[in-house]
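Analysis of the macromolecular model
For reference, the chains in residue letters:
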Amino acid sequence: MKKIKVALLGAGTVGSQVARILLEDAVSLGQRIGADIELIGIAVRDVTSSRDWNAPASLYTTDAESLIDAADVVIELTGGIEPARTRILRALNAGKSVVSGNKALLAQHGAELQAAAKASGAQLSYEAAVAGAIPILRPLRDSLAGDQIQRVLGIMNGTTNYILDQMDTTGAQFSDALAQAQELGYAEADPTADVEGLDAAAKAAIVASLAFHSEFTLADVHCEGISAITAEDVQAAALDGYVIKLLAICERQGEGINIRVSPTLVPREHPLASVHDAYNAVFVQARDAGELMFYGPGAGGAPTASAVLGDFVSLARRMVLGGSGVPESTYAGLCAVGMDEVVTRFAIGLRVEDKLGVLANVSRIFAEHGVSLQAVRQVKDRSGDSAVIRLVTHRASDISVRRTMAVVDSLESVREIISVVAVEGE
Ligand code: HSE
């Protein structure tokens, strides 16, 4: 039988699990592939570091380049841009297929890596880069390749879903829910990439590229995080029958594609509203298939290793059969479009002086900008002489709502714009 030599770069939470499965299941994986497989080494920064799971010590090395050169397939699970980019290019340029879980790299340099793979006929697979164990990239690229995707909505970050779910179910403030997420090991010591939406934005760029047969990068994604969401926003949403989720939305907008990550009010009856804890889910609206939802663990060592191994088995099978990589289809060449023309509903919270005429003044400004109001609720502010007004608009363009809010903000009777959050649905 043919032998496939595998180099693993990285032995963190996911890398350790990939090493374990490659060693423990070598025989059955080989049978599925039709070749013997051998993990020939694991490149790490420090061979003495403690790990979640320990492979035989002889497998660890700091010489990633020699390991890549000796391998047939490279599995990259180090994260970050460099040296991961240079190492993956080294492998692809030499015709070696690569599995990567590196969302930041793929969202910024995906086109360069794809071009290198195409030039040498190598394969590049990265299911683990988006939503952990959930098979979403392969369904978009293969299963739905004959359909037309209209819209993708995803909860693609488990940390923020855990935080928002805690705020919704226990009434916790953001900072307390974040502390819990850190205690449970979901959130990093520096949680910026998760809570400010950057992690989800990288995943959204990758998903949009596949869904719309075009090339998008992180820079094409409008990104807002959840750090400004308060317990009061969550409670107000609940009163109106919504739950706040950090949604990544990729959708057709005129001649292009709008890709955005932002806190969004989701109706309780929407399938994404029932995604709790740190789970991820991706909701796909396709012309012919209709509505599909992909749900599961979006992070974690073994779940993400499952996605990595799936890619590995698939590309190794193709190697055994003598096939080269199938480049991503980018025939549509669509451009990313900004937020101005995005049309959605908005939920707006204002803290105002509690006096005659304030509400009339505010609603007049909305009318003057052509933004129609669907619901208005006023509650007494606990802090004394203020009132809190909660408004929900009908569908309106982002730019018209931004212009409205600039004028509302200039009113003397408006003390604070508490929040402006998109609302999913008609
Ligand atoms: N930090 C990510 C999350 C997992 O919280 O979902 C890795 O992408």
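Residues numbered from 1 in each chain as written. Predicted model: local features only at pLDDT ≥ 70, side-chain atom pairs only at ≥ 80, totals over all residues. Heavy atoms only, no water.

This next bit is on the overall build of the protein. Scanning the protein from N- to C-terminus turns up 14 helices and 17 strands. Relative to its length of 426 residues, the protein is compact, with a C-alpha radius of gyration of 24 Å against a globular reference of 22 Å. Dimensions of the protein along its principal axes, counting C-alpha atoms only, are 85 × 45 × 35 Å. When the accessible surface of the protein is split by element, carbon and sulfur atoms take 50% of a total near 17800 Å². On the protein, the mean spot of the 36 positive side-chain charges and the mean spot of the 52 negative ones are 3 Å from each other. (Helix = DSSP H or I, 4+ residues; strand = E, 2+ residues; numbered from the N terminus. Rg over C-alpha atoms; globule rule 2.2 N^0.38 Å. Areas by Shrake-Rupley, 256 points an atom, 1.4 Å probe, with all protein chains shown as cover. Lys, Arg positive; Asp, Glu negative; His and termini not counted. Charge placed at Lys NZ, Arg CZ, Asp CG, Glu CD.)

This paragraph deals with the site of the ligand. In the neighbourhood of the ligand, the contacting residues comprise K103, N157, G158, T159, D194, D199, K203 and A299. Between an oxygen atom of the ligand and a main-chain N or O atom of G158, the distance comes to 2.6 Å. Contacts to the ligand include T159, whose side-chain N or O atom sits 2.5 Å from an oxygen atom. The protein chains hide 80% of the 260 Å² of surface that the ligand would expose on its own. (Near = heavy atom within 4 Å. Polar contact = N/O pair within 3.5 Å; in protein donor to acceptor, adjacent residues only side chain to side chain.)

Moving on, we come to the nonpolar core. Counting residues in hydrophobic clusters, the biggest one holds 80 residues, and the most contacted among them are V130, I136, L140, I149, I163 and V284. Per-element tally for this core: the top contributor is helix α10 (residues 198–211), with 10 residues. Not counting residues within four places of it along the chain, the set of residues in contact with L140 comprises A145, I149, V207, L210, A211 and V284. (Core = buried A, V, L, I, M, F, W, Y, C linked by side-chain atoms within 4.5 Å. Buried < 20%, exposed > 50% of the residue type's maximum accessible area, 1.4 Å probe, protein only. Contact = heavy atoms within 4.5 Å.)

On to the domain arrangement of the protein, then. By domain assignment, the protein separates into domain 1 (3–132 + 301–321), domain 2 (142–297) and domain 3 (343–423). If you average the C-alpha positions of domain 1 and of domain 3, the two centres end up 51 Å apart. (Domains from an automatic or database assignment.)

Read from one edge to the other, the open sheet built from six strands follows the order β3-β2-β1-β4-β5-β6, with strand pairing classed as parallel. Because the sheet does not close on itself, it has two edges, and the strands there are β3 (60–61) and β6 (124–125). Examined bridge by bridge, strand β5 (residues 97–100) and β6 share two bridges and lie parallel to one another. Paired with V99 across the bridge in β6 is S125. Here helix α4 (residues 84–93) sits on the sheet and contacts β1 (3–9), β4 (73–76) and β5; the angle it forms with β5, its principal contact strand, is near 150 degrees. On top of the sheet, helix α12 (residues 301–321) reaches β1, β2 (36–43), β4, β5 and β6; it is set at about 170 degrees to β5, its chief contact. (Pairing = 2+ DSSP bridges. Axes fitted to C-alpha atoms, helices over the stretch in contact; angles between N-to-C directions.)

Moving on, we come to the layout of surface pockets. In this structure, the second largest pocket spans a volume of roughly 410 Å³. Lining the second largest pocket we find 22 residues, and of these R141, D142, V326, P327 and E328 sit closest to its centre. Broken down by secondary-structure element, the contributors of at least two residues to the lining of the second largest pocket are α5 (103–120), β6, α6 (137–143), α10 and α12. Within the lining of the second largest pocket, the residues separate by chemical class into eight nonpolar, eight polar and six charged. Residue assignment places the lining of the second largest pocket across two domains, with domain 1 (3–132 + 301–321) and domain 2 (142–297) each supplying three or more. (1 Å grid on protein atoms, 1.4 Å probe; cavity = no way out; pocket = protein on both sides within 12 Å on 5 of 7 lines; lining within 4 Å. Points joined across faces, edges and corners; volume = space filled by probe spheres on them. Nonpolar A, V, L, I, M, F, W, Y, C, P; charged D, E, K, R; others polar.)

Applying the stated criterion across every chain, the model contains one cavity of 30 Å³ or more. Reported here for the largest cavity is a volume of approximately 120 Å³. Along the wall of the largest cavity there are 14 residues; nearest its centre are A236, A237, L265, A347 and R390. Among the secondary structure elements, those contributing two or more residues to the lining of the largest cavity are α11 (231–239), β13 (343–353), β15 (386–393) and β17 (414–423). Residue composition of the lining of the largest cavity, grouped by class: nine nonpolar, two polar and three charged. Built from parts of two domains, the lining of the largest cavity gets at least three residues from each of domain 2 (142–297) and domain 3 (343–423).

We now examine the pairing of strand β10 (residues 256–267). Most of β10 sits inside the fold, with 12 of its 12 residues counted as buried. Burial of the side chains of β10 extends over both faces: G256, N258, R260, S262, T264 and V266 are buried on one face and I257, I259, V261, P263, L265 and P267 on the other. Alignment of strand β9 (residues 242–253) against β10, held across 12 bridges, turns out to be antiparallel. From the neighbouring strand, I249 faces β10, where its bridge partner is R260. Between β9 and β10, which follow one another and run antiparallel, lie two residues, and G254 among them has a positive phi close to 60 degrees. Two strands pair when backbone bridges link them, and β10 and β17 are joined in this way by two bridges, in the parallel orientation. Opposite T264, over in β17, you have A422 as the bridge partner.

The next point concerns the pattern of salt bridges. In total, this model carries 24 salt bridges according to the counting rule given. One salt bridge in this structure joins R151 and E251, with 2.5 Å as the shortest N-O distance. Highlighted residues: R151 in strand β7 (residues 149–155) and E251 in strand β9, separated in sequence by 100 residues. Assigned by exposure class, R151 and E251 land together as buried. Of the charged contacts, one joins D288 and R287 as a salt bridge, the two residues approaching to 2.7 Å between their closest N and O atoms. Relative accessible area serves as the criterion here: at 46%, R287 is assigned to the partly exposed category. When salt bridges that share partners are traced, they join R151, E251, R260 and E424 into one network. (Salt bridge = Lys/Arg side-chain N within 4 Å of Asp/Glu carboxyl O.)

All right, on to the packing of aromatic side chains then. Under the counting rule described, the total for this entry stands at two aromatic pairs. Ring centres of Y162 and Y186 lie 5.0 Å apart, and the angle between their planes is 55 degrees; on these two criteria the pair is classed as tilted. Of this pair, Y162 sits in helix α7 (residues 158–170) while Y186 is found in the loop between α8 (174–183) and α9 (192–195), placing the two residues 24 residues apart along the sequence. Given a relative accessible area of 37%, Y186 falls into the partly exposed group. Aromatic side chains Y279 and Y295 sit 5.2 Å apart centroid to centroid with 15 degrees between the ring planes, which places their arrangement in the stacked category. On the criterion of sequence distance, the pair formed by Y279 in strand β11 (residues 279–286) and Y295 in strand β12 (residues 290–297) is long-range, its members being 16 residues apart. (Phe/Tyr/Trp six-rings, centres within 6.5 Å; stacked < 30°, edge-to-face > 60°.)

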